Amino acid sequence: MPPSLAAAVLVAGMLAVPAQNATTQADHGNETPAVASLQTKGPVGWDVYRHLERLPEIPVNVETRQYSSFDRTGENNDGFNGTYSCLRTDQNGCVIAEHAGPGEVDAIWFTRDEGDVSRTGKITIELDGTKVVDASLQDLVDGKLGAPFAAPLVGNADQSSGGVYVEVPMPFTRSMRITTQNNPLFYHVTYRTFADAQGVTRFDPADKAQDVLDRLENPGPVVAGGRTQQTALRVDPGQTVRLARTSGSGLISALKVRLPQAEHVQARTDTDDGRAFGKDGSSQFTVKVDPANDGVRLTRRLDPAIGNQVAKVLVDGQEAGQWGPSKKLPYGLWAEESVDLPPALTKGKSQLTIKNVFVSSDYDYNEFTYWADSAGKRTDTVNVGDAADEAAHTYAIAGQTWQGTRTFSYPLDDARTAKIKAAQALLQGLRLRISFDGQRTVDSPLGEFFGSGHAMNPVKSLMSAIDADTSTMTSWWPMPYRATATVDLYNASDQPVTTGTAWVTAVPHPASTGYFRTQSRTGPTTPDKSWPFLRTTGTGKFVGVSHTMRGPANRNFLEGDERVYVDGSRTPQIHGTGTEDFYQAGWYFNRETFSTPWHGNTAHLTPFTGCAADNDCTGAYRLMLADAVPFAGSLDFSIEHGWINNIDSVYSSTAFWYGTTTPSGRPTDTLTIGNQPSEQAHHYTGGGEATTLDSFFEGDWKGPLALKAAQRTTDQPISFTLRVDPANQGVQLRRTSDQNQGWQQAEITVNGQRLTDWTQPLSNTSRRWLDDVYPIPSSVTRGMSSVTVTLTPKTPWSAAAYTAWSLR
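Residues numbered from 1 in each chain as written. Predicted model: local features only at pLDDT ≥ 70, side-chain atom pairs only at ≥ 80, totals over all residues. Heavy atoms only, no water.

J.: Explain the sheet that holds strand β54 (residues 801–807) to me, please; I cannot follow it from the model alone.
T.: The pairing of strands in a sheet happens through backbone hydrogen bonds and is either parallel or antiparallel. Pairing within the open sheet is antiparallel, and its four strands lie in the order β44-β54-β48-β51. Looking along the sheet, the strands with just one partner apiece sit at the ends: β44 (665–672) and β51 (769–776). Across this sheet, the average inter-strand angle for adjacent strands is 20 degrees, counted without regard to direction. Both strand β48 (residues 731–738) and β54 contribute to a ladder of six bridges, which runs antiparallel. Each residue of the ladder has a partner; that of V731, found in β54, is S806. (Pairing = 2+ DSSP bridges. Helix = DSSP H or I, 4+ residues; strand = E, 2+ residues; numbered from the N terminus. Axes fitted to C-alpha atoms, helices over the stretch in contact; angles between N-to-C directions.)

J.: Whenever I open this one, the pairing of strand β23 (residues 377–383) confuses me. Can you help?
T.: Each regular strand shows side chains that alternate between the opposite faces of the sheet. Sheet analysis places strand β22 (residues 369–374) next to β23, joined by six bridges and oriented antiparallel. The partner of A372 across the bridge, within β23, is D380. A loop of two residues connects β22 with β23, the two strands running antiparallel in sequence, and A375 in this loop sits at a positive phi of about 55 degrees.

J.: I keep staring at the sheet that holds strand β45 (residues 690–696) and nothing clicks. Help me out?
T.: If you walk across this open sheet you meet the three strands as β45-β46-β53, and the pairing is antiparallel. Across the chains shown, the open sheet's two edge strands, defined by having one partner strand only, are β45 and β53 (797–799). Neighbour-to-neighbour, the strand axes of this sheet turn through a mean angle of 40 degrees, independent of strand direction. Both β45 and strand β46 (residues 706–714) contribute to a ladder of seven bridges, which runs antiparallel. Counted as the bridge partner of F696 is A706 from β46.

J.: For this particular structure, what's the right way to read the state of the cysteines?
T.: Note on terminology: a disulfide is the covalent bond linking the sulfur atoms of two cysteines. In this structure the tally under the stated criterion is two disulfides. Bridging C86 to C94, the disulfide has an S-S length of 2.1 Å. With the S-S bond torsion at -120 degrees, the cross-link from C86 to C94 turns out left-handed. Put simply, C611 and C617 are joined by a disulfide, and their sulfur atoms are 2.1 Å apart. (Disulfide = S-S within 2.5 Å.)

J.: Could you clarify how one ought to interpret the packing of aromatic side chains in this entry?
T.: To describe a pair of aromatic rings, one takes the distance between the centres and the angle between the planes. A full pass over the atoms with the stated rule returns 37 aromatic pairs. Among the aromatic side chains, those forming a connected cluster through ring pairs are F449, F450, W477, F516, F656 and Y658. Seen from the ring of W503, K256 lies directly overhead, with NZ or CZ sitting 4.7 Å from the centre. The aromatic ring of W797 is capped on one face by R735, whose charged end is 3.9 Å from the ring centroid. (Phe/Tyr/Trp six-rings, centres within 6.5 Å; stacked < 30°, edge-to-face > 60°. Lys NZ or Arg CZ within 6 Å of the ring centre and 35° of its normal.)

J.: I tried to follow the pattern of salt bridges on my own but got confused; where do I start?
T.: What the rule picks out here adds up to 47 salt bridges. For D90, the salt bridge goes to R88, with nearest N and O atoms at 3.5 Å. Residue classification places D90 among the partly exposed residues on the basis of a relative accessible area of 24%. Residue classification places R88 among the partly exposed positions, given a relative accessible area of 26%. One salt bridge in this structure joins D757 and K794, with 2.5 Å as the shortest N-O distance. (Salt bridge = Lys/Arg side-chain N within 4 Å of Asp/Glu carboxyl O. Buried < 20%, exposed > 50% of the residue type's maximum accessible area, 1.4 Å probe, protein only.)

J.: Looking at this structure, how should I read the nonpolar core?
T.: Inside soluble globular proteins, nonpolar side chains tend to come together where they are buried. Core analysis: the biggest nonpolar cluster contains 98 residues, and M170, I178, F449, W477 and L625 have the highest contact counts within it. A total of five residues in this core trace back to one element, the largest contributor, which is strand β14 (residues 250–258). Not counting the four nearest positions on each side in its chain, L625 is found in contact with V48, Y49, L52, L55, L462, M463, W477 and V543. Residues F557, M624, F631 and W657 belong to the second largest nonpolar core, which totals 28 residues. (Core = buried A, V, L, I, M, F, W, Y, C linked by side-chain atoms within 4.5 Å. Contact = heavy atoms within 4.5 Å.)

Here you go:
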């Protein structure tokens, strides 16, 4: 037995067999799914978090969709004035989400006013016609409603850096509607749809889910017990060390790496409120001083991204000195400067009235905090922007040009910057490689895999953690296999790893539906093309991403929206409003770095705190567990860099997913409207004149997908027949339609069985083509070689094509 494995820590469980080092190349070959049959919905409601061991299960005929305030024209007005925020308005306010049929609300996010959502007013969540939430949105995200709406299942802008969120899974059996009292501006509602209500119970807010809250506060392995292999880390550049090999059907339940060479370096970061004034403007306040002073030092905290700030300083009406000119520094840094007030104006006084008068600046003069030091001690602090403190110091401002909050850092010295660079080289250069049953499914940068690619920074998510103080990284993703698993660490950096330890724990466990997988990529972004998180074919579900970004110091790369295309759909099922919004924050992450069970901003570095010159380095992660995105044929999950993919940046990302490379769904028949042979072959009947629509699908601003095709809009009954696979586990009926008119609704009958109405609230008068899906349950379709669909419109109903996707 090699010495590195001789010190293995044995815990009751399965046998692990040592093996020779694996090659650094991915294995190739045909892949067999772990089990032959798929589950249906998977866990629903609180069971998602009570049974995390079931994460590898792949649901069937389940979709993850999103309503959001994204700009329907493809530009960047994603909520600034609320143009696209309401699906409709009624006497109760702004309807932001609505669905007919069974499903589950899984994630809700808002922002406005730098994270203060008070002006949105009340939020009402109705499930199956019952109000389960009817309260102030600000109170809801502040946790004032109490469990289950308690942290970390809800969070406000201080907890989520400028955004507010709700991660309480709320199932419904018949319908869902979410309304806000006032236009919310920026928002997302992510929800799942089910083909039937079997096994679904409507969310009950009386269930406090204390066990779930406890688990979220204390994450750990999803399956207890097992055997742990311990390996000493000694690996030269270009070499691989094997961390573990297991045999027999099982599941890797924990993976931990301690890497002391990658030290945690913490820049001092503060969040502060501030104001600014411009030409002909001024500010005034009082400060307490010691009468025994021999002069007073007044210090000001400022944002030095505005250069050459100059202002006169007056003490009790007499000129006493001058601020600046200040040195311009990159955005994201704090600076401090001091003025020594002469004793002739301060001695013998217990209080001074300070007035700052604008002289010149590249833009304006900003102020966040003032400190007064006299007689060898600090005698007063003025917190600008804090209403109570301003009142206590008789603060006043004239000619105000800005008011807000900033979270910035102070520069690091050269020695600490060098330590961050050394840690980055290892976190980005070491690669974790994992193979299951002879197939390599994980090949990812070490730091990014655990949630922080830029630095050894704290992470506390539900599936991974980083203890920055001990440089220890831990993962709890359940990773099933049928026969064997190997875990390797490859050193692609130029630094030898001379110290460290790894632990891998495996437990006996039945084979599951999908293998745990990652897709990692690193490099420069491509103009006019979104950055792909996950592009793949097969069957699976997307469960999260860790994202490492480097771009211009102004952070405009964060304007990019995420988009998710499932199984070849030309319409994104998820269309976001901005990069930091996807990570459930806001305003370019306007608070300190943070970590929640589902999302976090793990790093924000400037050229003075570890990033390259003139650049900003931002790291973030997002887990989508209840709102995992399933697919039966393909998935394209990407994010823009800049609002039209126009900001050159360097990105790295690791997407987490479960699945196989074998598709489980396929299109079995298509009816093309307006094509007489197709209509005749599918026994199509229905009214409406065939007209040609030449428009686009929603998506990228540049080069959106265009389509010129015939479509019919009618209020008359429609009937047609489509072929399906008799061995199906349900069918998805896909419609291509003109969404110029929203809230299209029709009664639907399939093979003589009346189903829930097909309702589509979406509309877009600019990009009019829409692909949407109606899930038909297997109880109606299984064993059938065709389905006969009858639609009875309740509103004008548009269609250019219908396609049957048979699911296996």
